[in-house]
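What follows is each chain in one-letter form.
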Amino acid sequence: MPIQESTVEKTYDRMARLLDGIVPDFELKVKAELVFEIQRLKRERRAIILGHNYMEPALYHTVPDVVGDSLELARRAAETDAEVIVFCGVRFMAETAKILNPSRTVLLPSAKAGCSLAESITAEDVRALRRRFPGVPVVTYINTYADVKAECDVCCTSSNAAWVVESLGSEQVIMIPDEYLAGNVARETGKRIIFPSRTPDQVQDADLQVELIGWQGRCEVHEAFTVDDVRRVREQFPDVVVLAHPECSPQVVRAADYSGSTSQMINFVRDSRAGRYLLLTECAMGDNIAAENPGKEMVRLCSIRCPHMNEITLEETRDALLKGQYPIEVDEAVRVRAKRSLDRMLEIGRPPRAAMRPAS
Ligand code: 13P
Ligand code: SF4
């Protein structure tokens, strides 16, 4: 729940209770003023703030009306009747909100908040894949832009990728653009995978037999985690439970104890009893979980941060509300086609919790 106190002092008191030991006190004092102003502007503009789980702790725990993973935030964006949606996340997420709810003003607080996966593929790349593998359904990870979604049959997120692929009941599926997510889905579903860009000779023979056709995009954060990182942390902390986002390589996911979307990882820590967890994902999420689970210790590897998510600050969020920046626009013909891929995913949903499989 967002913090909505009647004075800056009360806002600071609430933040200090929530973020004690996570954010230094002098920083909380500055941020309390920003939080207070954002809440006032939010009421004035009839806005809702959606916050991704990667937002820094002083933002994540204070101003969003809803926090969550990509799927949860897409659902909430589709349903809201607020006039303005401020999306504290990255461009593809804000664009998804606009595609699903076009009559709302959607603001992304930083024009620089992109995503290495979304940049890794174009609409023409998808058309070329379709020409090469005619009739094969195309699943796109939600981390793509609207024109790419418009060329695909259905979207998926990290919380439902294998579920969406299996729901198609097709012998072959093209899965773009994250090679590691596709590799993890191939492992989970027992499908064989190829990457046409890397193995042209193999494709000549394998076109008709292969079950999952991937692309070579990678998340610049998750690709950096290694099996050696996991081994070394386990050596130092034998009681550690390792959680890996499915954008990590299949080798890293295999070395982990659990793999799931950002919200699935948050739920896993909340619902389990280990004293110590290693999170192989954006570092800020470790702070957010630590604040909510005071008895549990988070081990983070923070040398690689998501530069895109880190563009979104309390200052930028205030400026978004003050100046109406930066509005998301999507060409209407593209939007209608992209919405079909998103709607189909929202109908399929995510697996019931019992059907989620541990990583190993
Ligand atoms: P989630 O859908 O798991 O929140 O992932 C979004 C993302 O960009 C992870 O890097
Ligand atoms: Fe994109 Fe990776 Fe950043 Fe997520 S963490 S927004 S996938 S670059």
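This is a predicted model, so every value here is computed, not measured.

(A) Here's a closer look at empty space enclosed by the protein. Inspection of every chain in the model, using the stated rule, returns 2 cavities of 30 Å³ or more. Its boundaries defined by the atoms lining it, the largest cavity holds a volume of some 230 Å³. What lines the largest cavity is a set of 25 residues, among which Y54, N143, H222, E247 and M309 lie closest to the centre. In the lining of the largest cavity, the residues fall into 11 nonpolar, 10 polar and 4 charged.

(B) Broad picture of the sheet that holds strand β11 (residues 258-259). Read from one edge to the other, the open sheet built from 4 strands follows the order β11-β10-β12-β13, with strand pairing classed as parallel. Two strands in the sheet have a free side with no partner beyond their single neighbour: β11 and β13 (297-300). In this structure, strand β10 (residues 241-244) lies alongside β11, joined through 2 bridges in parallel fashion. Residue pairing for β11: A244 is matched across the bridge by S259. Across the sheet, helix α14 (residues 284-292) touches β12 (276-280) and β13, and the angle it forms with β13 is around 175°.

(C) Quick peek at the packing of helix α13 (residues 262-271) against α14. Between α13 and α14, whose axes approach to 11 Å, the crossing angle comes to 35°. The chirality of how α13 crosses α14 is right-handed. Between α13, through T262, M265, I266 and V269, and α14, the contact on the second element is made entirely by M285, I289 and E292.

(D) Molecular detail of the site of ligand 1. Taken together, H52, Y54, D69, S70, N143, S158, H222, H245, E247, S261 and T262 make up the full set of residues near ligand 1. S70 places a side-chain nitrogen or oxygen 2.7 Å from an oxygen atom of ligand 1. Here an oxygen atom of ligand 1 sits 2.6 Å away from a polar atom, N or O, in the side chain of T262. When the free accessible area of ligand 1 is taken as 300 Å², the share hidden by the protein chains comes to 96%. Within the shell around ligand 1, the residues separate by chemical class into 1 nonpolar, 8 polar and 2 charged.

(E) Main features of helix α1 (residues 8-19). Given a rise of 1.5 Å per residue, 12 residues ought to cover 16 Å, and the 16 Å separating the end C-alpha atoms of α1 matches this to within 8%. Taken together, the buried positions of α1 are occupied by T11, Y12, M15 and L19. Take α1 and look down its axis: the buried residues cluster within an arc of 100°, on one side only. For α1, the exposed residues lying more than 90 degrees away from the buried face are E9 and R17.

(F) How the structure looks around the environment of S70. Counting through the fold element by element, S70 comes out in helix α4 (residues 70-79). With 27 residues separating them along the chain, S70 and A97 place their C-alpha atoms 10 Å apart. Dropping the residues within four chain positions of it, S70 is found in contact with H52, F92, M93, I142 and T157.

(G) Representation of the site of ligand 2. Y54, C115, S116, L117, N143, C219, V221, E247, C306, H308 and M309 make up every residue found near ligand 2. Counting atoms within 2 Å of the grid points, the majority share of ligand 2 lands in the largest cavity. Class assignment for the residues of the shell around ligand 2 results in 7 nonpolar, 3 polar and 1 charged.

(H) Summary view of the pairing of strand β7 (residues 173-176). On β7, burial covers both faces: V173 and M175 on one face and I174 and I176 on the other are all buried. Two strands pair when backbone bridges link them, and strand β5 (residues 138-141) and β7 are joined in this way by 3 bridges, in the parallel orientation. Bridged to T140 within β7 is I176. In this sheet, strand β9 (residues 212-213) lies alongside β7 in parallel orientation, the contact comprising 2 bridges. Looking at the pairing, V173 lines up with L212 of β9.

(I) Here's a closer look at the state of the cysteines. Tallied over the entire structure, the rule returns 1 disulfide. Here C283 pairs with C302 through a disulfide, and the sulfurs are 1.9 Å apart. Between C283 and C302 the disulfide shows an S-S torsion of about 75°. By sign, it is right-handed. Residue C283 is located in the loop between β12 and α14, and its partner C302 is located in the loop between β13 and α15 (314-323); the two are separated by 19 residues in the primary sequence. Classification of C283 by relative accessible area gives buried; the value is 6%. Since its relative accessible area comes to 32%, C302 is described here as partly exposed. For C156, which is in no disulfide, the shortest distance to another cysteine sulfur is to C155 and amounts to 7.6 Å. You can see C248 has no disulfide; the closest cysteine sulfur is in C219, sitting 8.1 Å from it.

(J) Fine view of the sheet that holds strand β4 (residues 105-107). Across the sheet, 4 strands lie side by side as β2-β1-β3-β4; this open sheet has parallel pairing. The sheet terminates laterally at β2 (66-68) and β4, the two strands that pair on one side only. Taken over all neighbouring pairs, the strand axes of this sheet differ in orientation by 20° on average, direction set aside.

What counts, and where the lines are drawn
- Residues numbered from 1 in each chain as written.
- Chains lettered and ligands numbered in written order.
- Predicted model: local features only at pLDDT ≥ 70, side-chain atom pairs only at ≥ 80, totals over all residues.
- Heavy atoms only, no water.
- 1 Å grid on protein atoms, 1.4 Å probe; cavity = no way out; pocket = protein on both sides within 12 Å on 5 of 7 lines; lining within 4 Å.
- Points joined across faces, edges and corners; volume = space filled by probe spheres on them.
- Nonpolar A, V, L, I, M, F, W, Y, C, P; charged D, E, K, R; others polar.
- Pairing = 2+ DSSP bridges.
- Helix = DSSP H or I, 4+ residues; strand = E, 2+ residues; numbered from the N terminus.
- Contact = heavy atoms within 4.5 Å.
- Axes fitted to C-alpha atoms, helices over the stretch in contact; angles between N-to-C directions.
- Left-handed = near helix turned anticlockwise from the far one by under 90°.
- Near = heavy atom within 4 Å.
- Polar contact = N/O pair within 3.5 Å; in protein donor to acceptor, adjacent residues only side chain to side chain.
- Areas by Shrake-Rupley, 256 points an atom, 1.4 Å probe, with all protein chains shown as cover.
- Expected span 1.5 Å × (residues − 1).
- Buried < 20%, exposed > 50% of the residue type's maximum accessible area, 1.4 Å probe, protein only.
- Arc of directions from axis to C-beta.
- Sits in = over half its atoms within 2 Å of the grid points.
- Disulfide = S-S within 2.5 Å.

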